[in-house]
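# Reading the structure
Residue strings, one per chain:
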Amino acid sequence: MGKSGESPRLLGIDVGGTKIALALGDESGHVVARTRRPTEPSGRIGDDLDRLAEDVRKLAGQAGLEPAELAAVGVSLPGPLDVEAGVVLSPPNLPGWDRAPVRQHLADALGAPVYLENDANAAALAEWHFGAGRGLRSMVYLTMSTGVGGGLILDGRLYRGVLASAGEIGHVPIEWGGEPCSCGQRGCLEAYVGGRAWMERLRRITPAESHVAELAGGRESVRPEHVVAAARSGDAFALSEMARWDDYVARGIVMVVMALAPEAVVLGTIATAAGDALAFEPIRRQVKAHIWPHLAPRLRILPAALGVDLPYLAGLSVAVEGVRSAG
Ligand SMILES: [Zn+2]
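The shown structure was predicted, so the numbers you read here are calculated from the model rather than taken from an experiment.

Once that is clear, we can look at the sheet that holds strand β2 (residues 19-25). One open sheet holds the 5 strands; their spatial order is β3-β2-β1-β4-β7, and the pairing between them is mixed. The open sheet has two edge strands with one neighbour each: β3 (31-38) and β7 (114-118). Direction aside, the axes of adjacent strands within the sheet are offset by 15° on average. Note: β2 against β3, 7 bridges, orientation antiparallel. Among the inter-strand pairings, L24 is bridged to a residue of β3, identified as A33. Sheet strands in contact with helix α3 (residues 119-130) are β4 (72-77) and β7, and its direction is about 100° off that of β7.

What follows is about the environment of V287. Position of V287 relative to the elements: it lies in helix α9 (residues 269-290). When its relative accessible area of 1% is taken as the criterion, V287 is described as buried. A C-alpha to C-alpha distance of 42 Å links V287 and A71, two positions 216 residues apart in sequence. What V287 contacts, discounting residues up to four positions off in sequence, is A250, I253, V254, L299 and I301.

Those residues of helix α2 (residues 102-110) lying buried are V102, L106 and L110. Buried residues of α2, seen end-on, are gathered within an arc of 35° and therefore sit on one face of the element. On its buried face, α2 sits against α1 (45-62), β4, β6 (87-88) and β7. Immediately downstream of α2, the backbone of G111 shows phi near 70°, a positive value.

In this section: the packing of helix α7 (residues 224-232) against helix α8 (residues 236-260). Between α7 and α8, whose axes approach to 8 Å, the crossing angle comes to 120°. Taken together, the axes of α7 and α8 lie oblique to each other. The handedness of the crossing between α7 and α8 is left-handed. Residues V227, V228, A230 and A231 of α7 touch α8, and the partners they reach there are A238, L239, E241 and M242. The residue makeup of the contact of α7 with α8, split by class, is 7 nonpolar, no polar and 1 charged.

Inspection of the sheet shows strand β11 (residues 264-267) paired to strand β12 (residues 300-303) by 4 bridges, in the parallel sense. By the bridge assignment, V266 is partnered in β12 with L302.

Once that is clear, we can look at the pattern of salt bridges. By the definition in use, this model includes 12 salt bridges. Across the salt bridge formed by E27 and R324, the nearest N and O atoms sit 3.6 Å from each other. Of this pair, E27 sits in the loop between β2 and β3 while R324 sits in helix α10 (residues 310-326), placing them 297 residues apart in sequence. The class of E27 is partly exposed, set by a relative accessible area of 32%. Between D47 and R44 there is a salt bridge, with its nearest N and O atoms 2.6 Å apart. With a relative accessible area of 40%, D47 lands in the partly exposed category. When salt bridges with common partners are traced through the structure, they connect E175, D247 and R251 into a single cluster.

This next bit is on the coordination of the zinc ion. Note on the zinc ion: its protein donors are H171 (ND1), C181 (SG), C183 (SG) and C188 (SG). The metal-donor distances range over 2.0 to 2.4 Å. Classification of the site at the zinc ion rests on its 4 donor atoms, whose angles at the metal span 105 to 121°, yielding the label tetrahedral. Of note, the donors binding the zinc ion are all from one chain and are spaced H-x9-C-x1-C-x4-C. With a gap of 17 residues between them, H171 in the loop between β10 (157-159) and α4 (190-193) and C188 in the loop between β10 and α4 connect regions that are remote in the sequence. Classification of H171 by relative accessible area gives partly exposed; the value is 25%. Judged by its relative accessible area of 0%, C188 falls in the buried class.

Here is what the cut-offs are and how they apply
- Residues numbered from 1 in each chain as written.
- Predicted model: local features only at pLDDT ≥ 70, side-chain atom pairs only at ≥ 80, totals over all residues.
- Heavy atoms only, no water.
- Pairing = 2+ DSSP bridges.
- Helix = DSSP H or I, 4+ residues; strand = E, 2+ residues; numbered from the N terminus.
- Axes fitted to C-alpha atoms, helices over the stretch in contact; angles between N-to-C directions.
- Contact = heavy atoms within 4.5 Å.
- Buried < 20%, exposed > 50% of the residue type's maximum accessible area, 1.4 Å probe, protein only.
- Arc of directions from axis to C-beta.
- Parallel < 35°, antiparallel > 145°, perpendicular 65-115°, else oblique.
- Left-handed = near helix turned anticlockwise from the far one by under 90°.
- Nonpolar A, V, L, I, M, F, W, Y, C, P; charged D, E, K, R; others polar.
- Salt bridge = Lys/Arg side-chain N within 4 Å of Asp/Glu carboxyl O.
- Donors = N, O, S within 2.8 Å, 3.2 Å for Na, K, Ca; no water.
- Tetrahedral: all angles 85-135°; square planar, octahedral: opposite > 155°, others 65-115°.

Keep in mind these values describe shape, not function.
Shown next as structure tokens:
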């Protein structure tokens, strides 16, 4: 909750492949108004951004604010993007948004400062400001969703690297020449633990007569959540798939810990859904066995804390970061 007397003058926008979420709130993550709609890209970037500016105007209006009274508008977008120039490069799910001047267009339309961040970095900022990483100086966030996105908070700030592409831990090859990845490379961490890759594997290898196939209503419909549910009831195939997943996640984390020595690694969707016994405990054991002993007691491997609020707080945290960087 926000501190009393603090006025909610930050507005966050999360532009997802299917939904756009907007939130009006303050620096402590207290949200006073929120809204959500389907993304519906028109193919004409100017029209899409004008519609987005109208969404902002309406939401700010609910708190009696003109857009120009906003201290910052933060936008979380699919990468890659040029943060300095405020330009989106080529988001696969947003036709017509190639080299889109999002920051300039929205700033002109709203009369407020606008800041952009790619979605994985924005999610890392949100977990750092408002979620599992609160109060830490260094943390690594891994989305563990359809794909494996990542964001790095190092020594008290977001580390972006070239084209804000740092933290793409999902695309570090952990098996040379291994499974093909959606990015075009082979053997990436995402090709083993990303939700889409795992689902494709499961539809290939799940025995037709199995508890997992039964839960899914057929092996062609198997999803990671069916493996999690079957593993909870002790099913051997599900437990072996879960153990394989944990093992690969641990390989990714070991690399991150030895490279960056963060205080925490925060894991999103699939890990959070699988929980302690099926994911966090085995992952912690594996990681501990493969990193230097003096690092182990200082490392926490934690579930993401924001859940369904993440899109709203991702945009908002970009606005928070914008205000801090400007001040
Ligand atoms: Zn890849």
